[in-house]
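# Coordinate analysis (summary)
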Amino acid sequence: MVVLGIESTAHTASVGLVDERAEVLAVASDMYRPPHGGIHPREAANHHVERLPELVRHALEQAKIRPSEVDAVAFAQGPGLGPCLRAGATVARMLALAWDRPLVPVNHCVAHVEIARILSGLDDPLLLYASGGNTQVIAHARGRYRVLGETLDIGIGNFLDKLWIELGGTFPGGPALEKEALEGRELLPLPYSVHGMDVAFSGILTATLALSAKGARRPDLAYSVEVTAYSMLTEITERALAHRGRDAVVLGGGVACNERLRTMVRTMAEGRNGTMFAPPRALCVDNGAMIAWTGHLAHEAGVSVPVEGSAVEPRQRTDLVPTPWRTG
Ligand code: ATP
Ligand code: FE2
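For the structure given in this document, a descriptive report is provided here.

The rules behind these values
- All chains use their own residue numbering, which begins from 1 and follows the written sequence.
- As a convention, the first chain written is A and the first ligand written is 1, with the rest following in written order.
- Totals for whole chains, interfaces and linings use every residue, but because this is a predicted model, local features are given only for residues with pLDDT of at least 70 and side-chain atom pairs only at 80 or more, for both listing and counting.
- Neither water nor hydrogens contribute to the side-chain values; these are computed over all heavy atoms in the structure.
- Here a strand is any run of E in DSSP of at least two residues, a helix any run of H or I of at least four, and the numbering for each starts at the N terminus.
- For this measure, only C-alpha atoms enter the radius of gyration; the expected value for a globule follows 2.2 Å times N^0.38, where N is the number of residues.
- Burial classification: accessible surface area is computed with a 1.4 Å probe over protein chains only, and a residue below 20% of its type maximum counts as buried, one above 50% as exposed, and the rest as partly exposed.
- Between two residues, a contact is recorded if the distance between any of their heavy atoms is within 4.5 Å.
- Nearness of a residue to a molecule or strand requires only that one of the residue's heavy atoms be within 4 Å of it.
- Polar contact is the term for a pair of N or O atoms within 3.5 Å; when the atoms are in protein, one must be able to donate a hydrogen and the other to accept it, and sequence-neighboring residues count only if both atoms are side-chain atoms.
- Here, Shrake-Rupley sampling with a 1.4 Å probe gives the accessible areas, and only protein chains in the shown set may cover a residue.
- Any Lys or Arg side-chain nitrogen located within 4 Å of an Asp or Glu carboxyl oxygen qualifies as a salt bridge.
- For helices, the fitted axis covers only the stretch in contact; all axes are lines through C-alpha atoms, and the angles between them, taken along N-to-C directions, range from 0 to 180 degrees.
- We call two directions roughly parallel when the angle between them is under 35 degrees, roughly antiparallel when it is over 145, roughly perpendicular when it lies between 65 and 115, and oblique otherwise.
- Should the near helix be turned anticlockwise from the far one by less than a right angle, the crossing is left-handed, and should it be turned clockwise, the crossing is right-handed.
- Three categories are distinguished: nonpolar for Ala, Val, Leu, Ile, Met, Phe, Trp, Tyr, Cys and Pro, charged for Asp, Glu, Lys and Arg, and polar for the others, with Gly belonging to the last.
- The donor set covers N, O and S atoms within 2.8 Å of the metal, switching to 3.2 Å for Na, K and Ca, and it leaves out water, so a site may look short of donors.
- We treat two strands as partners when DSSP finds at least two bridges between them.

Helix and strand counts for the protein chain stand at 10 helices and 12 strands. In terms of overall size, the protein chain behaves like a compact globule, its C-alpha atoms giving a radius of gyration of 19 Å where 328 residues would be expected to give roughly 20 Å. Dimensions of the protein chain, computed from the C-alpha atoms along their principal axes, are close to 60 × 45 × 30 Å. Looking at the protein chain as a whole, 55% of its 328 residues are labelled buried. Considering only contacts within the protein chain whose residues lie at least 6 apart along the sequence, 76% involve residues at least 24 apart.

Now the structure itself:
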C-alpha cells in the first residue's frame, strides 16, 4: 500500500510517498521564500502550481515507484491559505482522476501529530504542535484531537519570523534566531504571557523591539526571546500532562526543530519520569510524507471524497476533524 501526499498549506510545496508501515519512501519539497516581508498568498500559490508537477515526478523517481503502484492520493485540505491549498488540491484531484485512485482529504495539523505519533512509537502521547501558524497542546479524546491550550494571538513560528525580519533578518526567522541565540549572554526581561492553558506572543514582540531600539544586543534579544517563549510552551505542556495524567509528549511542527525547545520539553518530561520524542527535522517542518501517512490512516478507515466534494477548508480546526482510525 503506497499513498502519495501533497502538502501546500503555506510556504512549502511538498510531495511525499509513504507505505503502510510508515516507511517514508520519498519526500520532495520546495519552499517559497518571499523576497521581503511576509507571505503573499497568491505568489506562494503560483510557486506551488509551478513546482508541484515536478515534485510529483521527483518523489516517484526517488521512491522508484510507478504511478500504477500508488494506491491513494491524499492532500492537505486545511487549515492554510486558500490559494495555496487550492494549488495542492488541484494537483491531487488531477492525479486521482488520471490514475483512477481514491482522493483522501487530510487535516494539516492532524498530519503533524500523526507522523510524530507513529515515529515515536507511543500510542497515546500528548502533543505540542508548534509551527508557523499554529501553537497548540493537543490530546486525543473521544474520536477527536482536542486542543487543550493554544496561542491567543499569533503562532510561535510566525512570531519568530516577524521578529527576525524586524531585527533585520530574512524569512525563515526561527532557525536564524536559534543560531543567533547561541551567542547570547544576558537574559533580558520580557513579558511572560501564560494564561491558564494558553499563551500569547505579541507582547514579547513589542517588548523585544523596544529593547532593540534602546540598543540591546541582537544575540541577547534572540536568547531572551527563545528562553521566554519556549518556557511558556514548556509550562502549558507540563500543565496539560499533569491534568491529563499522561507521561509522554511528542513534538511536531517547524518550531519543533529547535534544539532549545526540544531540550526544555525533554527536561520537563523526564523530570516527571516521562518521555519526550521529536521527529527528525525534515518531518517536523511541513512535508508531503505526513499528509501521505495520515491519508493512509484515513483511507484504511474508509475515508475518501469525490472530486466535487473535495473543496479546501482554509479554517478547518484540529478538533473538528473525525479520526476514525483511532479508537478511544
Ligand atoms: P502550519 O500551517 O502548521 O502553521 P507552517 O507553514 O508554519 O505550518 P512549518 O514548516 O510547520 O510550516 O513551520 C515553519 C516555521 O518553523 C517557521 O516559522 C520557521 O521559522 C520555524 N522553524 C523552523 N526551524 C526552526 C528552528 N530551528 N527554531 C525555531 N523555529 C523554527
Ligand atoms: Fe505545518
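After that view, the rundown keeps rolling.
Around ligand 1 there are 25 residues in total, and Y129, S131, G132, G133 and D161 lie nearest to it. Between H112 and ligand 1, the recorded distance is 3.4 Å, taken from a side-chain N or O atom to an oxygen atom. E178 has a polar side-chain atom sitting 2.8 Å from a nitrogen atom of ligand 1. For ligand 1, whose accessible area on its own is 640 Å², the fraction buried by protein is 91%.

Let's shift gears to the pattern of salt bridges. Working definition: two side chains of opposite charge can pair if their charged atoms are close together. What the rule picks out here adds up to 16 salt bridges. Two residues, D124 and R326, come together in a salt bridge whose shortest N-O distance is 2.9 Å. Taken together, the residues span a long stretch of sequence, with D124 in the loop between helix 3 (108-120) and strand 6 (126-130) and R326 in the segment after helix 10 (288-300) at a distance of 202 residues. On the accessibility criterion, D124 (33% relative accessible area) is partly exposed. The exposure class of R326 is buried, given its relative accessible area of 11%.

The next thing to look at is the packing of helix 6 (residues 202-213) against helix 7 (residues 218-244). Viewed as axis vectors pointing N to C, helix 6 and helix 7 meet at an angle of 165°, and their least axial separation amounts to 11 Å. When the axes of helix 6 and helix 7 are compared, the pair comes out roughly antiparallel. In this structure, helix 6 meets helix 7 at a crossing whose hand is right-handed. Between helix 6 and helix 7, the residues in contact are I204, T208, L211 and S212 and L221, V225, T228, A229 and M232, respectively. Residues that form the contact of helix 6 with helix 7 fall into these classes: 6 nonpolar, 3 polar and no charged.

Closest axis-to-axis distance for the helix 4 (residues 156-166)/helix 5 (residues 173-181) pair is 8 Å, and the angle between their directions is 65°. When the axes of helix 4 and helix 5 are compared, the pair comes out roughly perpendicular. Judged by the twist between their axes, the crossing of helix 4 over helix 5 is left-handed. In contact with L160, D161 and W164 of helix 4, helix 5 contributes G173, G174, A176, L177 and E180. Residues of the contact of helix 4 with helix 5, tallied by class, amount to 4 nonpolar, 2 polar and 2 charged.

Here the focus is the coordination of the iron ion (ligand 2). Distances from the iron ion (ligand 2) to its protein donors, H108 (NE2), H112 (NE2) and D286 (OD), fall within 2.0 to 2.2 Å. Judged by its relative accessible area of 1%, H112 falls in the buried class.

Moving on to the pairing of strand 3 (residues 24-31). Along a regular strand, successive side chains alternate from one face of the sheet to the other. Summarising the sheet, strand 2 (residues 12-19) and strand 3 pair through 7 bridges and their orientation is antiparallel. Pairing of A13 across the sheet is with D30, part of strand 3. The hairpin turn running from strand 2 into strand 3, its antiparallel successor, is 4 residues long, and A22 in that turn takes a positive phi close to 65°.

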